[in-house]
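Below, each chain spelled out in residue letters.
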Amino acid sequence: MELKREEIFRYNPQEFCRPYDEVIAAAPDKEPERQYYFMQYARTLLKADFEEQMAKGAAAARYGEEKAKEMLSQGIYGTFKINTFGCQMNAKDSEKLTAILEVIGYQEAEGEKADFVLYNTCTVRENANLKVYGRLGQVGTLKKKDPHMLIALCGCMMQEPEVVKKLKTSYGFVDLIFGTHNIFQLAELMVRRFHQRKMVVEVWEGTDQIVENLPADRKYPFKSGVNIMFGCNNFCSYCIVPYVRGRERSRKPEEILNEIRNLAADGVVEVMLLGQNVNSYGKTLDEPITFAQLLRQVEQIPGIERIRFMTSHPKDLSDELIQVMKESKKVCPHLHLPLQSGSSRILKAMNRKYTKEQYLELAFKIKKEVPDISLTTDIIVGFPGETEEDFLETMDVVEKVKFDSAFTFIYSKRTGTPAAAMENQVPEEVVKDRFDRLLAKVQEVGSSVSGREIHTCQQVLVEEVNHQDPALVTGRLGNNTVVHFPGDASLIGKIVDVEMDEFKGFYYMGHKID
Ligand code: SAH
Ligand code: SF4
Ligand code: F3S
């Protein structure tokens, strides 16, 4: 259906009476300039819409008279809510999306209800997927009452064509769908949605592009995730991530270091370097550099006190990295080293490229070189063909390595992965039983090794005022353990010395030492 010119440009005919084609034609080709153009344009459209809503009394009805006036005077033209599922990558993407929405003129809503609701989805296991449909049903009911609402979906689930097909047929109220490769286009896609007045779907199959220098926002003023690479080339046979996040791409070290320098200047003391497999960082760059070399450079940045990273694939973990962890005062003594299975046979079927023995050797080497290190892991139970013997191998590794903690997952069949086509899927009751036994084992070994900092003084980064008791603050040790101790909001973002007085299973109670 062709919309009339006046209908498309209901905002301010003088200023915006330009056909959509012209708007696009006037946009710069180069990124990120192109996105700044669209952010500005979206902001103008949103402002005009808000003014119209004010004139009609609709804004006062929605936000309250006073609040609506206050919003307008502050250059805020609506509220947003981002619901993030999945891993740190998605959390980081949501921060980027937040920054774009804020430039456009949206403010984060206090409650669940908002003018712009975005779901940043995960599809690593089926239950992550199901949660989204559940929430979408609820928000659809809200939209029926308030058609002014905009509903958007992005993230890993959108990279699956069957998902998009289902959304198009059964969730027609969705306004905007985009994928993992083009999150930077949010403003451009919103402009398209404003003009076309129907569902906009833009999902790319892949990309080799990394768009730098977009606006940034942080959940915490004192710590931040920093992408060092995107995508994954490992194709573990159960995993959907390489299909939905695309091929591995490393950011240039200068870009990463610049970002971290700016963060430090802005008060950030802790960075978490993010990638699906940070140990293969830099291999495909024009001027290759190793992850350990990158860490050494990040360490030089004044103001950065703590460096964390996620995730390390055991097959690529180098001696050079262990050396950096050993020597560095800033790289935290915490390593997340996903095991997945303790059976060499299953590891082979998983395409993990290491054996049980190699994993054990690596874990012991790290523990020897960095004695106070906290080792954590991910384990999958019920991979196709897993026998009781295979499972006992996993239990054996847990027992031998004595992980501080482990994320345990029930194998979830992901369409399109090699493991989904494997015939010998393990029956549900067997998996459930193994899962329960594994969990008990993980807790048992966790509690046997945790609490080792008792009665020592530790450096703690204070993160927040305690939710239960406002006389306490909550912070983290370098190895990621939580401690609560008396203090106030003025300590947030500071690194202070704290004596560990009492261990409560998985956190400490302590007191600050002056
Ligand atoms: N890149 C990281 C992991 C990303 S996904 C790594 O290689 O370690 C996070 C975790 O989800 C994985 O470590 C794995 O334990 C789990 N996982 C991935 N696919 C899964 C599946 N199909 N079923 C169950 N768990 C899965
Ligand atoms: Fe998935 Fe394996 Fe890549 Fe991790 S390394 S994201 S588990 S394919
Ligand atoms: Fe999920 Fe995507 Fe992360 S599938 S685990 S959000 S990379």
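In this text the structure is predicted, and so the values were computed from the model without any measurement.

## A few points about the sheet that holds strand β4 (residues 150-155)
- Strand order in the open sheet formed by six strands is β2-β1-β3-β4-β5-β6, and the pairing between neighbours is parallel. Of all the strands in the sheet, just β2 (106-108) and β6 (200-202) have a single pairing partner and so form its edges. The mean angle between the axes of side-by-side strands here comes to 20°, regardless of whether they run parallel or antiparallel.

## Some remarks on the site of ligand 1
- Taken together, 15 residues form the shell around ligand 1, and within it Q276, P338, Q340, D378 and S412 come nearest.
- Note that an oxygen atom of ligand 1 is positioned 2.9 Å from one of the side-chain N or O atoms of R125.
- Here an oxygen atom of ligand 1 and a side-chain polar atom of D378 are 2.6 Å apart.
- Out of a free accessible area of 540 Å², ligand 1 has 90% covered by protein chains.
- For the shell around ligand 1, the secondary structure elements donating two or more residues are β13 (374-381) and β14 (405-410).
- The residue makeup of the shell around ligand 1, split by class, is seven nonpolar, four polar and four charged.

## Things to note about unusual backbone geometry
- A cis amide bond, omega 5°, links E31 with the succeeding residue P32.
- With respect to the helices and strands, P32 occurs in the loop between α3 (20-25) and α4 (33-56).
- The omega angle of the peptide bond from M310 to T311 is 0°, so this bond is cis rather than trans.
- The topology assignment puts T311 in the loop between β11 (306-310) and α14 (319-327).

## Comments concerning the pattern of salt bridges
- Evaluated as defined, the whole model comprises 38 salt bridges.
- Where K283 meets D316, a salt bridge forms, and the shortest distance between an N and an O atom there is 3.7 Å. In this pair, K283 is assigned in the loop between β10 (270-274) and α13 (291-299) and D316 in the loop between β11 and α14, connecting sequence segments 33 residues apart.
- Take D316: its relative accessible area is 17%, and that puts it in the buried class.
- A salt bridge links K315 to D316; the nearest nitrogen and oxygen atoms lie 2.9 Å apart.
- Judged by its relative accessible area of 30%, K315 is partly exposed.
- By sharing partners, the salt bridges in this structure join E386, E388, D433, R434 and R437 into a single network.

## Describing the nonpolar core
- Grouped together as the largest cluster of nonpolar side chains are 69 residues, with contacts concentrated most on V271, L273, F291 and F309.
- Residues contacting L273, with those up to four places away along its chain left out, are V226, I228, I260, V278, F291, L295, V298, I307, R308, F309 and M310.
- One finds F38, A42, F178 and I183 within the second-largest nonpolar core, a separate group that totals 38 residues.

## A word on the packing of aromatic side chains
- With the rule as written, the count across this model stands at 17 aromatic pairs.
- Ring centres of Y238 and F383 lie 6.4 Å apart, and the angle between their planes is 85°; on these two criteria the pair is classed as edge-to-face. In this pair, Y238 is assigned in the loop between β8 (229-230) and α11 (241-245) and F383 in the loop between β13 and α17 (388-401), connecting sequence segments 145 residues apart.
- Owing to a relative accessible area of 9%, Y238 belongs among the buried residues under this scheme.
- Relative accessible area serves as the criterion here: at 0%, F383 is assigned to the buried category.
- Judged by centre distance (4.8 Å) and plane angle (55°), the rings of F503 and Y508 are tilted.
- Since its relative accessible area comes to 25%, F503 is described here as partly exposed.

## Some points on the site of ligand 3
- Taken together, G86, C87, N90, C122, T123, V124, C156, R245 and Q276 are the residues near ligand 3.
- Tallied by class, residues from the shell around ligand 3 come to four nonpolar, four polar and one charged.

## Comments concerning the confidence of the model for the protein
- Chain-level statistics for the protein give a pLDDT mean of 93 and a share of 96% at 70 or above.
- Of the regions scoring below 50 in pLDDT, residues 1-15 engages in 26 contacts with residues more than four places distant in sequence or in other chains.

## Here we look at the packing of α4 against helix α7 (residues 88-104)
- The interhelical angle for the contact between α4 and α7, taken along N-to-C directions, is 50°, at an axis separation of 8 Å. Accordingly, the angle class assigned to the pair α4 and α7 is oblique. Together, M39, A42, R43 and L46 of α4 and I100, E102, V103 and I104 of α7 make up the contact between the two elements.
- Residues belonging to the contact of α4 with α7 are distributed by class as follows: six nonpolar, no polar and two charged.

## Topic: the pairing of strand β7 (residues 223-227)
- Counted residue by residue, β7 has five buried out of five residues, so it is predominantly covered.
- Side chains K223, G225 and N227 project from β7 onto one buried face, and the interleaved S224 and V226 project onto a second face that is buried too.
- Note: β7 against β10, five bridges, orientation parallel. Looking across to β10, one finds that G225 is bridged to M272.

## Quick look at the sheet that holds strand β17 (residues 482-486)
- Taken in spatial order, the five strands of this closed barrel run β15-β16-β17-β19-β18, and their pairing is mixed. For this sheet the average axis-to-axis angle between neighbouring strands, irrespective of direction, equals 50°.
- Across five bridges, the pairing between strand β16 (residues 472-476) and β17 is antiparallel. Bridged to T474 within β17 is H484.

## Some points on the side chain of S312
- For S312, the position within the fold is in the loop between β11 and α14.
- Within polar-contact distance, the side chain of S312 engages the side chain of N279 at 3.4 Å.
- Residues contacting S312, with those up to four places away along its chain left out, are N277, V278, N279, L317, L335, H336, L337 and P338.

## Structural notes on helix α12 (residues 253-265)
- Across its 13 residues, α12 extends 18 Å between first and last C-alpha, which sits within 8% of the 18 Å expected from 1.5 Å per residue.
- Regarding α12, the residues found buried are P253, I256, L257, I260, L263 and A264. Around the axis of α12, the buried residues are gathered within 120° of arc, so they sit on the same side. Among the exposed residues of α12, those pointing more than 90 degrees away from its buried face are N262 and A265.
- Those residues of α12 that are buried are in contact with β7, β10 and α13.
- G267, located one to two residues past α12, shows a positive phi value of around 100°.

Parameters and conventions
Residues numbered from 1 in each chain as written. Chains lettered and ligands numbered in written order. Predicted model: local features only at pLDDT ≥ 70, side-chain atom pairs only at ≥ 80, totals over all residues. Heavy atoms only, no water. Pairing = 2+ DSSP bridges. Helix = DSSP H or I, 4+ residues; strand = E, 2+ residues; numbered from the N terminus. Axes fitted to C-alpha atoms, helices over the stretch in contact; angles between N-to-C directions. Near = heavy atom within 4 Å. Polar contact = N/O pair within 3.5 Å; in protein donor to acceptor, adjacent residues only side chain to side chain. Areas by Shrake-Rupley, 256 points an atom, 1.4 Å probe, with all protein chains shown as cover. Nonpolar A, V, L, I, M, F, W, Y, C, P; charged D, E, K, R; others polar. Salt bridge = Lys/Arg side-chain N within 4 Å of Asp/Glu carboxyl O. Buried < 20%, exposed > 50% of the residue type's maximum accessible area, 1.4 Å probe, protein only. Core = buried A, V, L, I, M, F, W, Y, C linked by side-chain atoms within 4.5 Å. Contact = heavy atoms within 4.5 Å. Phe/Tyr/Trp six-rings, centres within 6.5 Å; stacked < 30°, edge-to-face > 60°. pLDDT = per-residue confidence, 0-100. Parallel < 35°, antiparallel > 145°, perpendicular 65-115°, else oblique. Expected span 1.5 Å × (residues − 1). Arc of directions from axis to C-beta.

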